[in-house]
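Observations on chain architecture
Here is what each chain is made of, one letter per residue.
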Amino acid sequence: VYGIYNSTCTNLNIYNNSVNITAGGATYYAFYITGGTNVNIVNNIFSNTGGGYAYYASSTTGVNMSNYNNLYASGTNLGYWGGNQATFNAFKTASGKEQSSVNVNPGFFGINDLHLVNFYLDKKAMPTPFVIDDIDGNLRDTLLPDIGADEFVLPDNDAGVLSVITPVSPVTAGSQSVKVAIRNYGQLNLGSVLINWSVNGISQPS
């Protein structure tokens, strides 16, 4: 299975696509390229949560520019460039590309609904005169557009738990402090946040 399969193409721009592979295995690819010349791969989301590759360059001769993308895979290897590259940093080092790209789970609304609202993809794309609107016909931000096919707007107020600081795993029985790191994913400053949490399905005081 291939989300986008690019074979021996010349003078091609692949801009602002969203690809979501959710099943299969190691031979499933969100993006695959082989051969060609002067191919530019910019502002795309290549996501593979089915165990395969986000980005597979069987040959690299065709890749001119590849940047401002989001490459995400849940399997053993994020991508292939001259060999398997397990991590995002390894892929960037091997390719010399993707220096302004990101590596996050896009958080699509659904398997078949590739809209999203993601702080890490907001205003992270490269402006281009070739793509002035998104998949819904909404105009792109001319200065700081979003990565992928959907141009979205972050909500004013939106916060979430970034990580659990304490307790650390494995958790031992007994009374202990619970501390978490909070991130503001919205557009406005937050003065306070109410956290709801539970232990073994039992709600705890906020």
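Cut-offs applied
- Residues numbered from 1 in each chain as written.
- Predicted model: local features only at pLDDT ≥ 70, side-chain atom pairs only at ≥ 80, totals over all residues.
- Heavy atoms only, no water.
- 1 Å grid on protein atoms, 1.4 Å probe; cavity = no way out; pocket = protein on both sides within 12 Å on 5 of 7 lines; lining within 4 Å.
- Points joined across faces, edges and corners; volume = space filled by probe spheres on them.
- Helix = DSSP H or I, 4+ residues; strand = E, 2+ residues; numbered from the N terminus.
- Nonpolar A, V, L, I, M, F, W, Y, C, P; charged D, E, K, R; others polar.
- Pairing = 2+ DSSP bridges.
- Axes fitted to C-alpha atoms, helices over the stretch in contact; angles between N-to-C directions.
- Phe/Tyr/Trp six-rings, centres within 6.5 Å; stacked < 30°, edge-to-face > 60°.
- Buried < 20%, exposed > 50% of the residue type's maximum accessible area, 1.4 Å probe, protein only.
- Lys NZ or Arg CZ within 6 Å of the ring centre and 35° of its normal.
- Core = buried A, V, L, I, M, F, W, Y, C linked by side-chain atoms within 4.5 Å.
- Contact = heavy atoms within 4.5 Å.
- Polar contact = N/O pair within 3.5 Å; in protein donor to acceptor, adjacent residues only side chain to side chain.

**Topic: the layout of surface pockets**
One number sums up the size of the largest pocket: a volume of about 290 Å³. Lining the largest pocket, in full, are V161, V164, P167, V171, V178, K179, V180, I195, W197, S198, V199 and S206. Broken down by element, the lining of the largest pocket gets its largest block of residues, three residues, from strand β14 (residues 197-199). The class makeup of the residues in the lining of the largest pocket is nine nonpolar, two polar and one charged.

**Side note on the sheet that holds strand β8 (residues 63-67)**
Read across the open sheet, the three strands follow the order β2-β5-β8; overall the sheet is parallel. The open sheet has two free edges, formed respectively by β2 (10-15) and β8, since each of these has just one partner strand. On average, each strand axis in the sheet is inclined to that of its neighbour by 5°, with strand direction left out of account. In the sheet, strand β5 (residues 37-42) pairs with β8 via four bridges, with the strands oriented parallel. Note on β8: the bridge partner recorded for N40 is M65.

**Observations concerning the sheet that holds strand β6 (residues 45-48)**
The three strands lie next to each other as β3-β6-β9, forming an open sheet whose pairing is parallel. Looking at which strands have only one partner, the edges of the open sheet turn out to be β3 (18-21) and β9 (70-73). Direction aside, neighbouring strands of the sheet carry axes that sit 5° apart on average.

**Looking at the packing of aromatic side chains**
Evaluation of the coordinates by the stated rule reveals 18 aromatic pairs. Where Y2 meets Y5, the ring centres are 4.6 Å apart and the plane angle is 90°; that geometry is what we call edge-to-face. Given the relative accessible area of 41%, Y2 is considered partly exposed. On the basis of relative accessible area, Y5 is assigned to the partly exposed category, the value being 43%. Aromatic side chains Y5 and Y32 sit 5.0 Å apart centroid to centroid with 5° between the ring planes, which places their arrangement in the stacked category. With a gap of 27 residues between them, Y5 in strand β1 (residues 2-7) and Y32 in strand β4 (residues 29-34) connect regions that are remote in the sequence. Grouping aromatic residues by their ring pairs yields a cluster made of Y2, Y5, Y29, Y32, Y53, Y56 and Y80. Here K124 stacks its cationic end above the ring of F119, 5.5 Å away from the centre of that ring.

**Looking at the nonpolar core**
In terms of nonpolar packing, the biggest core is built from 20 residues, with F31, I33, I41, F46, Y55, L71 and L78 touching the most fellow members. Mapped by element, the contributors of at least two residues to this core are β3, β4, β5, β7 (53-57), β9 and α1 (88-95). Those residues in contact with L78 that sit more than four places away from it in its chain are Y53, A54, Y55, L71, Y72, A73, Q85, A86, T87, F88, F91 and N103. Judged by nonpolar contacts, the second largest core, of 10 residues, contains I45, L121, I147 and L154.

**What to know about the side chain of S101**
Mapped onto the secondary structure, S101 falls in the loop between α1 and β12 (159-166). Looking at S101, the relative accessible area reads 8%, which means it is buried. A distance of 2.9 Å separates a polar atom in the side chain of S101 from the backbone nitrogen of N69. In this structure the side chain of S101 is engaged in a polar contact, spanning 2.5 Å, whose partner is the side chain of E98.

On their own, these measurements won't tell you what the molecule is for.
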